[in-house]
Amino acid sequence: MSFSAGDAGKGAGLFKTRCAQCHTTGAGESHKVGPNLHGVFGRKSGQADGYTYTAANINKGVTWTEQTMFEYLENPKKYIPGTKMAFAGLKKEKDRNDLVTYLKSACS
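Residues numbered from 1 in each chain as written. Predicted model: local features only at pLDDT ≥ 70, side-chain atom pairs only at ≥ 80, totals over all residues. Heavy atoms only, no water.

By the naming in an unreviewed UniProt entry, the protein goes by Cytochrome-c from the OXPHOS pathway and is assigned to Cylindrobasidium torrendii FP15055 ss-10. Under Function (unreviewed entry), UniProt gives the following word-for-word description of the protein: "Electron carrier protein. The oxidized form of the cytochrome c heme group can accept an electron from the heme group of the cytochrome c1 subunit of cytochrome reductase. Cytochrome c then transfers this electron to the cytochrome oxidase complex, the final protein carrier in the mitochondrial electron-transport chain." The protein has a UniProt comment under Sequence similarities (unreviewed entry) that states "Belongs to the cytochrome c family." (UniProt positions renumbered as here; feature names shortened; annotations may be inferred.)

Quick look at the structure:
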């Protein structure tokens, strides 16, 4: 399974219903239960300034790209055992493609 560009509009809807309760995307927005995601692409896991991560996130050392985010969002607890992210994941590839496409535009 690999990432392929999806529908950013559908991804925005998924973000609103599945992610926005815990995450923000805009520059300078505050962290919520989860970290602000602005600038996440190209950054290593566990590195958003001012957010307290688990050692699992910090030590994973993955660099967030469209592909790694696509893989992570299928099952976060399997991808980073010990993460405090409670989200169960998105099983459908299309949903993950749409969400990652949206995140790439919203978090840059």
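1. Side note on the overall build of the protein
Broken down by element type, the protein carries 5 helices and 0 strands. Ordered by position from N to C terminus, the α and β elements of the protein give α-α-α-α-α. Considering only C-alpha atoms, the protein reaches an extent of 30 × 30 × 25 Å along its principal axes. Within the protein, residue pairs in contact and separated by at least 24 positions form 46% of the contacts whose partners lie at least 6 positions apart. Positive and negative charge centroids in the protein, built from 15 and 9 side chains respectively, lie 6 Å apart. (Helix = DSSP H or I, 4+ residues; strand = E, 2+ residues; numbered from the N terminus. Contact = heavy atoms within 4.5 Å. Lys, Arg positive; Asp, Glu negative; His and termini not counted. Charge placed at Lys NZ, Arg CZ, Asp CG, Glu CD.)

2. Digging into helix 1 (residues 8–18)
Along helix 1, the positions that sit buried rather than exposed are Gly11, Leu14 and Phe15. In an axial view of helix 1, the angular spread of the buried residues amounts to 100°, which keeps them on one side of the axis. Those residues of helix 1 that are exposed and aimed more than 90 degrees away from the buried face are Gly9, Lys16 and Thr17. Where helix 1 is buried, its residues touch helix 5 (93–106). The N-cap residue of helix 1 is Asp7: its side-chain oxygen and the backbone nitrogen of Gly9 are 2.8 Å apart. (Buried < 20%, exposed > 50% of the residue type's maximum accessible area, 1.4 Å probe, protein only. Arc of directions from axis to C-beta. Polar contact = N/O pair within 3.5 Å; in protein donor to acceptor, adjacent residues only side chain to side chain.)

3. Quick notes on the nonpolar core
Within the largest apolar cluster, 22 residues are counted, with the highest numbers of intra-cluster contacts made by Trp64, Met69, Tyr72, Leu73, Leu99 and Leu103. Secondary-structure elements contributing two or more residues to this core are helix 1, helix 3 (66–72) and helix 5. Ignoring anything within four residues of it in the chain, the contact list for Tyr72 reads Trp64, Tyr79, Ile80, Thr83 and Met85. (Core = buried A, V, L, I, M, F, W, Y, C linked by side-chain atoms within 4.5 Å.)

4. Quick look at the packing of aromatic side chains
Overall, the coordinates contain 5 aromatic pairs when judged by the stated rule. Put simply, the rings of Trp64, Tyr72 and Tyr79 pair up and form one aromatic cluster. For Lys60, the ring lying beneath its charged end belongs to Tyr79, and the centroid distance is 4.6 Å. Against the face of Phe70 rests Arg96, its NZ or CZ located 4.2 Å from the ring centre. (Phe/Tyr/Trp six-rings, centres within 6.5 Å; stacked < 30°, edge-to-face > 60°. Lys NZ or Arg CZ within 6 Å of the ring centre and 35° of its normal.)

5. Focus: the pattern of salt bridges
Applying the stated criterion across every chain, the model contains 3 salt bridges. Residue Lys104 pairs with Glu66 through a salt bridge whose shortest N-O separation is 3.9 Å. Highlighted residues: Lys104 in helix 5 and Glu66 in helix 3, separated in sequence by 38 residues. Judged by its relative accessible area of 31%, Lys104 is partly exposed. With a shortest N-O distance of 2.7 Å, Lys94 and Asp98 are connected by a salt bridge. On the criterion of helical spacing, the pair formed by Lys94 and Asp98 is a turn pair, its members being 4 residues apart in helix 5. (Salt bridge = Lys/Arg side-chain N within 4 Å of Asp/Glu carboxyl O.)

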